[in-house]
Amino acid sequence: MSFISYLINGISLGSVYAIIALGYTMVYGIAKMLNFAHGDVIMVGGFTIFFAVSMQGLPPMIGILLAVVLCTLLGITIEYIAYRPLRQAASSLAVLITAIGVSYFLQNMALLIFGANTKAFTSVVTVPAIKLAEGQIIISGETIVTIISCIVIMIGLTLFINKTKAGQAMLAVSEDKGAAQLMGINVNGTISLTFAIGSALAAIAGMLLCSAYPSLTPYTGSMPGIKAFVAAVFGGIGSIPGALIGGIVLGVIEILGKAYISSQMADAIVFLVLIVVLLVKPTGILGKKIQEKV
Amino acid sequence: MKGLKLSKNVKDNLITYGIVILAYLIMEIMIKTGHISSLLQGLLVPLCVYVILAVSLNLTVGILGELSLGHAGFMCVGAFAGAFFSRYMQDVIEVSLLRFVIAILIGALSAGIVGFLIGMPVLRLRGDYLAIVTLAFGEIIKNIINVLYVGKDANGLHFSTKDSMSLGLMEDGDVIINGAQGITGTPKDATFTIGIILIIITLVIVLNLIHSRDGRAIMSIRDNLIAAESVGINITKYKLMAFSVSAALAGMAGVLYSHNLSSLMATPKNFGYNMSIMILVFVVLGGIGNIRGSIISAVILTLLPELLRGLSNYRMLIYSIVLIVMMLFNWSPKLINLRKKYSLKRLLKKTGEVQ
Amino acid sequence: MAALLEVKNLGISFGGLRAVDDFEVTIKKGQLYGLIGPNGAGKTTVFNLLTGVYKPSEGIITLDGVNITGLKTIEINKAGIARTFQNIRLFKELSVIDNVKVGLHNHYKYSTVEGIFRLPGYFKMEKAMTEKAMELLKVFELEQEADYLAANLPYGKQRKLEIARALATEPKLLLLDEPAAGMNPNETRELMDTIRFVRDNFDMTILLIEHDMKLVSGICEELTVLNFGRILAKGETAAVLNDPQVITAYLGE
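If you're wondering where the values come from, they're calculated on a predicted model, not measured in any experiment. (Residues numbered from 1 in each chain as written. Chains lettered and ligands numbered in written order. Predicted model: local features only at pLDDT ≥ 70, side-chain atom pairs only at ≥ 80, totals over all residues. Heavy atoms only, no water.)

1. Here we look at the overall build of chain B
Piece 1. Along the backbone of chain B there are 15 helices and five strands.
Piece 2. Taken over the C-alpha trace, chain B has a radius of gyration of 21 Å; the compact-globule value for 355 residues is 20 Å, and the two agree within 12%.
Piece 3. Summarising its shape, the C-alpha atoms of chain B cover approximately 75 × 55 × 40 Å along the three principal directions.
Piece 4. Counting across all 355 residues of chain B, residues that qualify as buried make up 58%.
Piece 5. Taking the contacts inside chain B whose residues are at least 6 apart along the sequence as the reference set, 71% of them involve residues at least 24 apart.
Piece 6. Of the roughly 14,800 Å² of accessible surface on chain B, a fraction of 66% belongs to carbon and sulfur atoms.
Piece 7. Counting 30 positive and 18 negative side-chain charges, chain B places the averaged centre of each group 18 Å from the other. (Helix = DSSP H or I, 4+ residues; strand = E, 2+ residues; numbered from the N terminus. Rg over C-alpha atoms; globule rule 2.2 N^0.38 Å. Buried < 20%, exposed > 50% of the residue type's maximum accessible area, 1.4 Å probe, protein only. Contact = heavy atoms within 4.5 Å. Areas by Shrake-Rupley, 256 points an atom, 1.4 Å probe, with all protein chains shown as cover. Lys, Arg positive; Asp, Glu negative; His and termini not counted. Charge placed at Lys NZ, Arg CZ, Asp CG, Glu CD.)

2. Looking at the interface of chain A and chain B
Piece 1. Facing 45 residues of chain A, the contacting portion of chain B comprises 43 residues.
Piece 2. Both sides of the chain A and chain B interface together cover about 3,900 Å² of buried area, and 80% of this is carbon and sulfur.
Piece 3. It is Ile97(A), Tyr104(A) and Leu279(A) in chain A that bury the most area against chain B; as a group they hold 16% of the surface buried on that side.
Piece 4. Counting the contacts that link chain A with chain B gives zero salt bridges.
Piece 5. Every element with two or more residues in the side of chain A that touches chain B is listed here: helix H3 (60–83), helix H4 (92–114), helix H9 (222–235) and helix H11 (266–280) of chain A.
Piece 6. Among the elements that make up the side of chain A that touches chain B, the one with the highest residue count is H4(A) (13 residues).
Piece 7. The residue inventory of the side of chain A that touches chain B, partitioned by class, reads 35 nonpolar, eight polar and two charged. (Buried area = accessible area lost by both parts, 1.4 Å probe. Salt bridge = Lys/Arg side-chain N within 4 Å of Asp/Glu carboxyl O. Nonpolar A, V, L, I, M, F, W, Y, C, P; charged D, E, K, R; others polar.)

3. A short note on the pairing of strand S10 (residues 230–236) of chain C
Residue and element names in this part refer to chain C.
Piece 1. Sheet topology note: the strand S9 (residues 222–227)/S10 ladder contains six bridges and is antiparallel. Along S10, the bridge assignment pairs Thr 224 with Lys 234.
Piece 2. Between S9 and S10, which follow one another and run antiparallel, lie two residues, and Phe 228 among them has a positive phi close to 50°. (Pairing = 2+ DSSP bridges.)

4. Examining the pattern of salt bridges
Piece 1. In this structure the tally under the stated criterion is 31 salt bridges over all chains.
Piece 2. With a closest N to O distance of 3.6 Å, Glu222(C) and Lys28(C) form a salt bridge. In this pair, Glu222(C) is assigned in strand S9 and Lys28(C) in strand S2 (residues 17–28), connecting sequence segments 194 residues apart.
Piece 3. Take Lys28(C): its relative accessible area is 32%, and that puts it in the partly exposed class.
Piece 4. Residues joined by salt bridges that share partners form a network here, namely Lys227(A), Glu254(A), Lys258(A) and Asp267(A).

5. What to know about empty space enclosed by the protein
Piece 1. The tally for this structure, following the rule as stated, stands at four cavities of 30 Å³ or more.
Piece 2. Around the largest cavity sit 15 residues that line it, and Phe36(A), Asp40(A), Ser103(A), Ser222(A) and Tyr273(B) are the ones nearest its centre.
Piece 3. When contributions to the lining of the largest cavity are tallied by element, the ones reaching two or more residues are helix H2 (38–55), H4 and H9 of chain A together with helix H11 (273–286) of chain B.
Piece 4. Element by element, the count of residues in the lining of the largest cavity is highest for H4(A), at four residues. (1 Å grid on protein atoms, 1.4 Å probe; cavity = no way out; pocket = protein on both sides within 12 Å on 5 of 7 lines; lining within 4 Å. Points joined across faces, edges and corners; volume = space filled by probe spheres on them.)

6. With respect to the confidence of the model for chain B
Piece 1. On average, residues of chain B score 89 in pLDDT, and 94% of them reach the 70 mark or higher.
Piece 2. Scored as a complex, the prediction yields pTM 0.90 and ipTM 0.93. (pLDDT = per-residue confidence, 0-100.)

7. Describing the packing of H3(A) against H4(A)
All names here are of chain A.
Piece 1. At a minimum axis separation of 11 Å, H3 and H4 run at an interaxial angle of 135°. As the angle between them shows, H3 and H4 are arranged oblique. Here H3 runs over H4; the crossing is right-handed. The residues of H4 that touch H3, namely those facing Leu 74, Ile 78, Ala 82 and Tyr 83, are Val 95, Thr 98, Ala 99, Val 102 and Leu 106.
Piece 2. Residues that form the contact of H3 with H4 fall into these classes: eight nonpolar, one polar and no charged. (Axes fitted to C-alpha atoms, helices over the stretch in contact; angles between N-to-C directions. Parallel < 35°, antiparallel > 145°, perpendicular 65-115°, else oblique. Left-handed = near helix turned anticlockwise from the far one by under 90°.)

8. Some words on the side chain of Asn48(C)
Piece 1. Relative to the helices and strands, Asn48(C) is located in helix H1 (residues 43–50).
Piece 2. At 2.7 Å, the side chain of Asn48(C) and the side chain of Arg83(C) are in polar contact.
Piece 3. The contacts of Asn48(C), once residues within four sequence positions are left out, are Val294(A), Val53(C), Tyr54(C) and Arg83(C). (Polar contact = N/O pair within 3.5 Å; in protein donor to acceptor, adjacent residues only side chain to side chain.)

9. Examining the packing of helix H10 (residues 240–260) of chain A against H11(A)
Residue and element names in this part refer to chain A.
Piece 1. Following both chains from N to C, one finds H10 and H11 inclined at 140°, their axes separated by 8 Å at the closest point. In terms of orientation, H10 and H11 fall into the oblique class. For the element pair H10 and H11, the recorded crossing hand is right-handed. Facing H10, whose interface residues are Leu 250, Ile 253, Glu 254, Gly 257 and Lys 258, H11 presents Ala 266, Asp 267, Ile 269, Val 270 and Val 273.

10. As for the sheet that holds strand S1 (residues 149–153) of chain B
All names here are of chain B.
Piece 1. Ordered by their spatial adjacency, three strands build an open sheet running S2-S1-S3, and the pairing between neighbours is antiparallel. Both outer strands of the open sheet, strand S2 (156–160) and strand S3 (174–178), are each paired with one neighbouring strand and no more. Here the average twist between neighbouring strands, direction ignored, is 20°.
Piece 2. Where S1 meets S2, five bridges bridge the pair, whose relative direction is antiparallel. Bridge assignment links Lys 152 to a residue of S2, and that residue is Leu 157.

11. Brief notes about the pairing of S9(C)
Residues and elements named next belong to chain C.
Piece 1. Counting buried positions along S9 gives six out of six residues, so the element sits mostly inside the fold.
Piece 2. Burial along S9 is two-sided: Glu 222, Thr 224 and Leu 226 facing one way and Leu 223, Val 225 and Asn 227 facing the other are all buried.
Piece 3. Here strand S3 (residues 32–36) runs beside S9; their pairing, made up of four bridges, is parallel. Paired with Gly 34 across the strands is Leu 223, a residue of S9.

12. With respect to the sheet that holds S3(C)
Residues and elements named next belong to chain C.
Piece 1. Across the sheet, which stays open at both edges, the six strands sit in the order S6-S7-S8-S3-S9-S10 with mixed pairing between neighbours. Unpaired on one side and paired on the other, strand S6 (81–83) and S10 mark the two borders of the sheet. When the angles between neighbouring strand axes are averaged without regard to direction, this sheet yields 20°.
Piece 2. Examined bridge by bridge, S6 and strand S7 (residues 173–177) share three bridges and lie parallel to one another. Bridge pairing links Arg 83 to Leu 175 in S7.
Piece 3. Running at roughly 140° to strand S8 (residues 205–209), H1 makes contact with S3, S6, S7, S8 and S9 of the sheet.

13. Some details on the nonpolar core
As a rule of thumb, nonpolar side chains are buried together in soluble globular proteins.
Piece 1. Grouped together as the largest cluster of nonpolar side chains are 221 residues, with contacts concentrated most on Tyr83(A), Leu203(B), Leu256(B), Phe271(B) and Leu280(B).
Piece 2. It is helix H9 (residues 235–258) of chain B that contributes the most residues to this core, 15 residues altogether.
Piece 3. In this structure, Leu203(B) is in contact with Thr16(B), Tyr17(B), Val20(B), Val55(B), Asn208(B), Ile291(B) and Ile295(B), ignoring residues within four places of it in sequence.
Piece 4. Judged by nonpolar contacts, the second largest core, of 46 residues, contains Leu90(C), Phe140(C), Leu161(C) and Val225(C). (Core = buried A, V, L, I, M, F, W, Y, C linked by side-chain atoms within 4.5 Å.)

As C-alpha cells, then:
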C-alpha cells in the first residue's frame, strides 16, 4: 500500500516538474537557449502568493492571479532586456551566462526584500483529501490539484499550439526564424509570447510546489528548476509530451528512490537515470535526431 | 616569417606569466610591509584556486569547445582525494611540503581518472546535452562523497556508506571521511606561494598544450569536427585528452582548496553546480579561449563581492547586475558595433574582446 | 596502369529514398577523373560513402588493393583518401599554416609530454612541420597569408587552403567537391593549372565533382555522370559530354 502512496506522491511531484519543464522546453525550442533563470521565476511566483495571501490577507485566488500576472510580465521583461540583445551573439554561451546573471539577480532581490530565513508557506489549496482503501491511502488535496492542473495545462497547451495562429507561429519560429520572418510572422512577438506562457506556468508551478512543500526561501526555485530542466532534456528538449513524460518519470524516481534506496542519494539516482537515458538516446526519449549535413 | 610568429606566441605567453609573477611580487611586498587587510590575505589562496579552475575549464570550453557544467565535481574529487591522503599520512610523512606535493599529485591524478572515465561515455554528446550530463555527474560526485565514510585503525582502512558507527573501528580508530561532515583536521599546507606555483604549472601545461600538435588537433575538433575526422584526427582521443587534463587541473585546484581549510565538506555551495557555473562565468567573461582573460576575470570577479562588502546586502545584487551588463556590453552585436564606431582607441576593444 | 580505386555495386538508402544505387567506378593511378550530374544526383553522397561519412548499404570499395568498405573516416584517411568539402570546412579559428599542420598530424609525430615540456623532439618536429606546411602553402600561393586566421581568407583562397590541408595528409587519392564553386573565370583557370600541377608533382590521383563544364572538359580525362543516384553515362570526357542522354539530363527536355 505504501508503494502506491509513494507512486502517487511521485506523480504529483513529477507533475510540478513537468509544468516547469514546459517552460524550459518551450523557450529552448524557440530561442535555443537554456533559461537558467526559469527556476527563479518559480520562486518569484511563490513569494508573490506568500506576500499577497499570508502577509496582506488577500484571497488565494487573487494571490495566484497576481503571481501569474507578475511572472508573465517578469518573463517578458527578462527576455526583452537580457536575452534579446544577445540573440545574434557570436557564442551561445553569452546568453547562458546572462541567464545566470538574471538568476542571481532574482535571488538577491528576493533576499533583500524578504530576507534569508525560511518562510512558512500556507497552502492555498482548499480541496479536501481523498481516502482510499479504507484510509490506507490518503491523497492530499494538493496532490489532486497538482495532477489535475498538469493535465489541464498539457491539454490546453497542445490545443493552443496546434489550433491557434499564435501557436502555429511558435512552431514556425522554432523551426526557422528567418523563414518565419519572411512569411510575415512577428518573430520578436512570438518569442515574447513564449516567455510569457513559460513564466505564467512557472507561477503556477511555484504555487503548487510551495503548497506541497511549504517552505520558501530565495533559493526555493533553484533545485526544482535544475531538475525540471533535467526532466525536459530527459523527455527530449523542445517536445511538450517529452516534458510531461520526463517530469513524471523524474518525480516518481525521486520519490521512490528516497523511500526505498537512500534519501541522501535520491538526487544522484535521478541524475544517473538521466545520464543512462542520454547515453542510449542522445537527444532524450522523444527528442528529434539531428544530423549535420556534409 | 615563422620565427616571427613563434615569437609572437611566446611573447604573448610571457606576458601572461609576467602578470602572474608581478601580481605575486606586489602581494608579497604588501604582506611583508603590512599593507594588506587580513580579509584580503585570507582570499589569496582561494584566488589561486579560482584562477586554476578558470584556466583549466577554459581548456574544455574554449579550446575543446565543449560546454561543461561539472567542473566543481572534479575539484571535489581532487579536494577529497588530496585531503584524505594528507590526513592518512599526517603521522607518516612529517615533511609537510613533501606530503603536500604528493597530495597534489594524488588529487590531480584521481580527478584526471574520474574525468577520463566520465568523458569516455559522455563526450559523444554535444552542446547542451553534454552540459547537462556533466552537471549531473558533478552532482552525483558530491552526493556520493556525502554518504562516504572512511576510517582507519590498526587493521587498515574501513569503508561504509551508512554511518561512522558501521565502520566498526577499533578504539584507536580514526574516522577520516565522515559522510556529510567530510574531512576535518586536514593540515593547512596551502600557502599563497604554492598557489602561485600551481598557477604557473597550470599555465605551462595549458599554454604549451595549446601551442603543440595535440593542441592543434583539439582546436581542429572545436572548429570543425567533420573536417578534423577527414584529415585523420582521432576525435575521441583528443576530446578525452582535453577533458581529462582539464579535470586533473581542477583536481589540483581542489587539493589546494582543501588544504586551506580545517574542515572540508561537500556542500552545494563549494562543490555544487553553482560553483561550476561560477567558474564558467569567469571563463566566458574573460573571453572564451582566452587564457589570460580567464585569470583576470577570476581575480576581478572573486574580489568584486569583497570590494562591495561595504554595501552589505546590496553587494550580490550589484554583482549580478554587473555580470548582466558586462555580458551585454561584451557580446551584444549591436553594442559591439556601437563600440567600434565610437571607441576612442583600440585600447578598449582589446580588453573587451576575445583574443 | 593499375587501378587505384575500384568501386563495385555501391548503394545507400535514406529511409525509403535510394540516394545512390549500383554505383561503380574504376580510377587508375594518376588519373584525373570527373563525377558530374545535376543537383541532387547523389555526387556528394558518393564522396561521403567513399570517405566513410556514411556507411554504404551495399557494395565494395577497394583502394590500392585494400578493401576499405565500412571503415571509419579517420581510417579511410589513413588508408589514403583525403577530401575537400562543397561547403568549405576549414578550422576557422586556426591560422592558415596551422590548418595545414593539422593535416600533417599523422605524419609528423611527437608525444604530448614532449609538447608540454618543450623537449627537443617538439622543436625538431615543429620545425619540420613548418617547413613542409610552407612548402604546401607555396604551391597554392598562400605563403603570404600563413599567419592569417583561416576565416579571414577570401573565398577562393579558402578553397585552395582546403586542398592544401587535404594534401598534407599524404593521400593516394584526392577527392575535390566542387573546387571551382564561387570562383570567377580567372580564378577557375588558375585552379585548373593548380590541379594539374598537384597531379603531376605529387603523383596524385584525383576524383572531382564539378559543375563548371570548362573545368571538367579542360582537365578531366574520364567522367561518370550521375542522375537520380544512378550512373547515366561514363567514359572519355569528350564522348560523355556529347552523349545526348547527358545533354538532356543537364538541359531538361
